[in-house]
Amino acid sequence: MGAGDEREAMVDTPLSVPLESAEFYVGQPYDVLRRLREQADVYWCESGGFWTLLRHADVVRISKDAQRYSSAGAIMIDEAAHPERVEARGLDAGEYLLRTDPPRHLRLRRFVSKWFTPRSISALEGQIRDIARRQIAEIEPNKDFDVVEMLAQPVPIAVVATLLGVPRSDWQELKRLAAAQSAAHDAGSEDTFRAAAVARRDILDYFREQLRERREAPRDDLITKFAWGEIEGQPLSLETQLLFCLDFLVAGTETTDATISNALVTLAEHHEQRDAVVADPSLIPNAVEEILRYVSPVIAMARTALAQDVIGGERIAPGERIVLLYMSANRDEHVWDDADAFDVHRERASAHLAFGTGPHACIGAGLARLELRVVLEELLLHLPNLRLNGEVTRLRSTLINGISSLPMISR
Ligand code: HEM
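Procedures and definitions
- The written sequence of each chain sets the order in which its residues are numbered from 1.
- It should be noted that, the model being predicted, local features are given only for residues of pLDDT at least 70 and side-chain atom pairs only at 80 or more, the latter also being counted only at that level, while totals for whole chains, interfaces and linings use all residues.
- Side-chain numbers come from the whole structure's heavy atoms, not from hydrogens or water.
- Secondary structure counts use DSSP, requiring at least four H or I residues in a row for a helix and at least two E residues in a row for a strand, with both numbered from the N terminus.
- C-alpha atoms define the radius of gyration in this analysis, and the globule rule sets the expected value at 2.2 Å times the number of residues to the power 0.38.
- Each residue is placed in one exposure class: buried if its accessible area under a 1.4 Å probe, protein chains only, is under 20% of its type's maximum, exposed if it is over 50%, and partly exposed if it falls in between.
- Two residues form a contact once any of their heavy atoms are found within 4.5 Å.
- Surface accessibility in these figures is a Shrake-Rupley result with a 1.4 Å probe; residues are shielded only by whichever protein chains are displayed.
- The sign given to each residue is positive for Lys and Arg and negative for Asp and Glu; His and the chain ends receive no count.
- Think of each charge as sitting on NZ of Lys, CZ of Arg, CG of Asp or CD of Glu.
- We define proximity as follows: a residue is near a molecule or strand when any one of its heavy atoms falls within 4 Å of that partner.
- Within 3.5 Å is the distance limit for a polar contact, defined as a pair of N or O atoms, with the added protein rule that one can donate a hydrogen and the other accept it, and that residues adjacent in sequence qualify only through two side-chain atoms.
- Sodium, potassium and calcium take a 3.2 Å donor cutoff, other metals 2.8 Å, and in both cases only N, O and S atoms count; water is not among them, so sites may look incomplete.
- Helix span, expected: 1.5 Å multiplied by one less than the number of residues in the helix.
- Here, strands pair whenever DSSP counts at least two bridges between them.
- Here the axes come from fitting lines to C-alpha atoms, over the contacting stretch only for helices, and the angles between their N-to-C directions go from 0 to 180 degrees.
- Comment on the angle field: the value is read as roughly parallel under 35 degrees, roughly antiparallel over 145, roughly perpendicular from 65 to 115, and oblique elsewhere.
- With the far helix as reference, a near helix turned anticlockwise by less than a right angle produces a left-handed crossing, and one turned clockwise produces a right-handed crossing.
- By the convention adopted, Pro, Cys, Tyr, Trp, Phe, Met, Ile, Leu, Val and Ala count as nonpolar, Lys, Arg, Asp and Glu as charged, and the other residues, Gly among them, as polar.
- Basic side-chain nitrogens of Lys or Arg form a salt bridge, by our definition, when they fall within 4 Å of a carboxyl oxygen of Asp or Glu.
- Within this analysis, the arc is defined by the directions that extend from the helix axis to the C-beta atoms.
- Aromatic rings from Phe, Tyr and Trp, taking only the six-membered ring of Trp, are treated as a pair when their centres fall within 6.5 Å; an angle between ring planes under 30 degrees marks them as stacked, one over 60 as edge-to-face, and anything in between as tilted.
- Placement of a positive charge over a ring is assigned whenever Lys NZ or Arg CZ falls within 6 Å of the ring centre and within 35 degrees of the normal to the ring plane.

(A) Summary view of the overall build of the protein chain. Each helix and strand in the protein chain was counted, giving 19 helices and 14 strands. Radius of gyration (C-alpha) of the protein chain: 21 Å, near the 22 Å computed for a compact globule of 411 residues. Every one of the 411 residues in the protein chain was classed for burial, and the buried ones make up 56%. When contacts within the protein chain are restricted to residue pairs at least 6 apart in sequence, those whose partners lie at least 24 apart make up 71%. Within the structure as shown, the protein chain displays about 17,200 Å² of accessible surface, and the carbon and sulfur contribution to it stands at 52%. If the 47 positive side-chain charges of the protein chain are averaged to one point and the 64 negative ones to another, these points end up 4 Å apart.

(B) Up close: the site of the ligand. The ligand sits among 26 residues. The nearest are His105, Arg109, Arg303, His360 and Cys362. Within the contact set of the ligand, a nitrogen atom lies 3.4 Å away from a backbone nitrogen or oxygen of alanine 251. Within the side chain of arginine 303, an N or O atom sits 2.8 Å from an oxygen atom of the ligand. Of all elements in the fold, only helix H7 (104–113), helix H15 (238–269), strand E7 (301–305) and helix H19 (365–382) reach the threshold of two or more residues within the shell around the ligand.

(C) Summary view of the coordination of the iron atom of the ligand. In this structure the iron atom of the ligand is ligated by exactly one protein donor, Cys362 (SG), at 2.3 Å. Looking at where cysteine 362 falls in the secondary structure, it is placed in the loop between helix H18 (326–329) and H19.

(D) How the structure looks around H19. End to end, H19 covers 26 Å across 18 residues, agreeing with the expected 26 Å (1.5 Å per residue, within 8%). Ala365, Leu367, Ala368, Leu370, Glu371, Leu372, Val374, Val375, Leu376, Glu378, Leu379 and Leu380 are the residues of H19 that are buried.

(E) Highlighting the sheet that holds strand E14 (residues 407–410). One open sheet accounts for 3 strands, arranged E4-E14-E11; its pairing is antiparallel. Pairing within the sheet leaves two strands with one partner each, and these edge strands are strand E4 (144–146) and strand E11 (386–388). Between one strand axis and the next, the sheet turns through 40 degrees on average, direction left out of account. Packed on one face of the sheet, H15 meets E11 and E14 and runs near 90 degrees to E11.

(F) Spatial organisation of the packing of H15 against H19. Two elements in contact, H15 and H19, have axes whose closest approach is 11 Å; the angle formed by their N-to-C orientations is 40 degrees. The angle between the axes of H15 and H19 places the two elements in the oblique class. For the pair H15 and H19, the sense of crossing is right-handed. Where H15 abuts H19, its residues Thr256, Thr259, Ile260, Leu264 and Leu267 lie against Ala368, Glu371, Leu372, Val375, Leu376 and Leu379. When the residues that make up the contact of H15 with H19 are grouped by side-chain class, the tally is 8 nonpolar, 2 polar and 1 charged.

(G) Structural view of the side chain of serine 261. Within the element layout of this structure, serine 261 appears in helix H15. Using a relative accessible area of 0% as the deciding quantity, one classes serine 261 as buried. Among the polar contacts listed, one links the side chain of serine 261 to the backbone oxygen of aspartate 257, at a separation of 3.0 Å. Once you skip the residues sitting within four places of it in the chain, serine 261 turns out to touch Val147, Val148, Ala152, Ile403 and Leu406.

(H) Fine view of the pattern of salt bridges. Overall, the coordinates contain 34 salt bridges when judged by the stated rule. A salt bridge links arginine 129 to glutamate 378; the nearest nitrogen and oxygen atoms lie 2.7 Å apart. Residue arginine 129 is located in helix H9 (residues 125–137), and its partner glutamate 378 is located in helix H19; the two are separated by 249 residues in the primary sequence. Each member of the pair arginine 129 and glutamate 378 is classed as buried. Where arginine 208 meets aspartate 205, a salt bridge forms, and the shortest distance between an N and an O atom there is 2.7 Å. Residue arginine 208 and its partner aspartate 205 are both found in helix H13 (residues 190–216); the two are separated by 3 residues, about one turn of the helix. Residue arginine 208 is classed as partly exposed on the basis of its relative accessible area, which comes to 37%.

(I) Representation of helix H3 (residues 30–39) in the model. By the burial criterion, the buried members of H3 are Tyr30, Val32, Leu33, Leu36 and Arg37. Down the axis of H3, the buried set is contained in an arc of 160 degrees. They therefore lie on one face.

(J) Here's a closer look at the pairing of strand E1 (residues 42–45). Summarising the sheet, E1 and strand E2 (residues 50–53) pair through 4 bridges and their orientation is antiparallel. Across the sheet, residue valine 42 finds its bridge partner in E2, namely leucine 53. Count of turn residues in the E1/E2 antiparallel hairpin: 4 residues, of which glycine 49 carries a positive phi of about 75 degrees.

(K) Region of the structure containing the packing of aromatic side chains. Counted by the stated rule, this structure contains 11 aromatic pairs. Taking 5.1 Å as the distance between ring centres and 85 degrees as the angle between the ring planes, the aromatic pair formed by phenylalanine 24 and tyrosine 25 counts as edge-to-face. The two residues phenylalanine 24 and tyrosine 25 agree in class, both being buried. Chaining the aromatic ring pairs together yields one cluster made of Phe111, Trp115, Phe116, Phe226, Phe244 and Phe248. In this arrangement the basic side chain of lysine 114 is found over the ring face of tryptophan 115, its NZ or CZ atom lying 4.9 Å from the centre. Of note, arginine 331 hangs over the ring of tyrosine 30, and the distance from its end group to the ring centre comes to 3.6 Å.

So this is what it looks like as structure tokens:
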């Protein structure tokens, strides 16, 4: 049986579509998702034990309804499939931005959002351009190189580490730990789950020490702001400070890394689109939106229902877990014509849900967009003729649609 036949079979018996499996996403299952959408808007994933929202409108409605759909329990596919993992991760839901419900979430969010205003983000453009130029300058013409190693990993970690105020000598180790902790989202393997727990502990130990240093000697960086921060006149608990550091490190690196490498694969696979952008760089901002829509760097997030509801004709009971499948919603043919095509001229590309929506919508979206624009501007200016030069190896994850190795060559 070929891969195509297997997919056919999966769709003929939709209850067996393994949405909880990292392997499923490695296969870039856009055809299967399209055929699922033809059958229903909301899909009960039997093997994962959760509801899956396939349509843009439903993902938007549920994401915005934080009163009835909680982020305090399972928020990722692997946790929706294994709810016991939330507690095993040792997380205190009340202190973690991504895992907090209103009204506590709003207070935490207000505390950090003042450093992510459009003005403070655009002030970083010069620094980000320097970082991107430095990395691109290391790529030699006519020699093969790995995009992940040379560009997709180094740029996002440099940006986040600069914001946090982490010394340069620690960037590489932190990047390694962030990747190891994200590997937990391969829901199938208990080994990676345990290794991820160790990485998370090491990251927290690292930041505990950094926070201690900032309390003694404040600097102009985010770690200092966390160390000295107050919400409603109360100092932040050490746990809140640590989880802010962890949140920004992990949320800001793996995601942007996945977008950069997928952007390069997508542009290499669509020459005519890449040539259009090289000829007219004013298309880059829309190309960034189209890449985010086309790629869905975060495959999905999840919520737990707190009340009865009906979504897409299905009755949802309190306690049930709901997966917001951005990878499907971003290809919803009710929103975009020819949604599976990649088109840098696409109208309303920015209506995508790559950054989520509602109260938990990505706080770093402006920063990520800036990084992606600057990297593409610099790349297409200095290395317009990048070609694929070998097998693309995809990350095994139920959270990040990432790439672990991407051989390319510049002609
Ligand atoms: C292309 C890159 C990125 C993508 C695709 C992405 C995607 C997302 C998504 C989908 C959410 C929503 C989670 C939910 O609704 O449960 C989110 C939240 C978040 N993101 Fe990003 N993100 C990116 C880059 C960044 C960067 C650069 C930062 C910071 C430096 C960041 C920090 C955060 C934080 C702190 C949250 C939690 C917000 C909250 O719960 O209120 N992200 N991101």
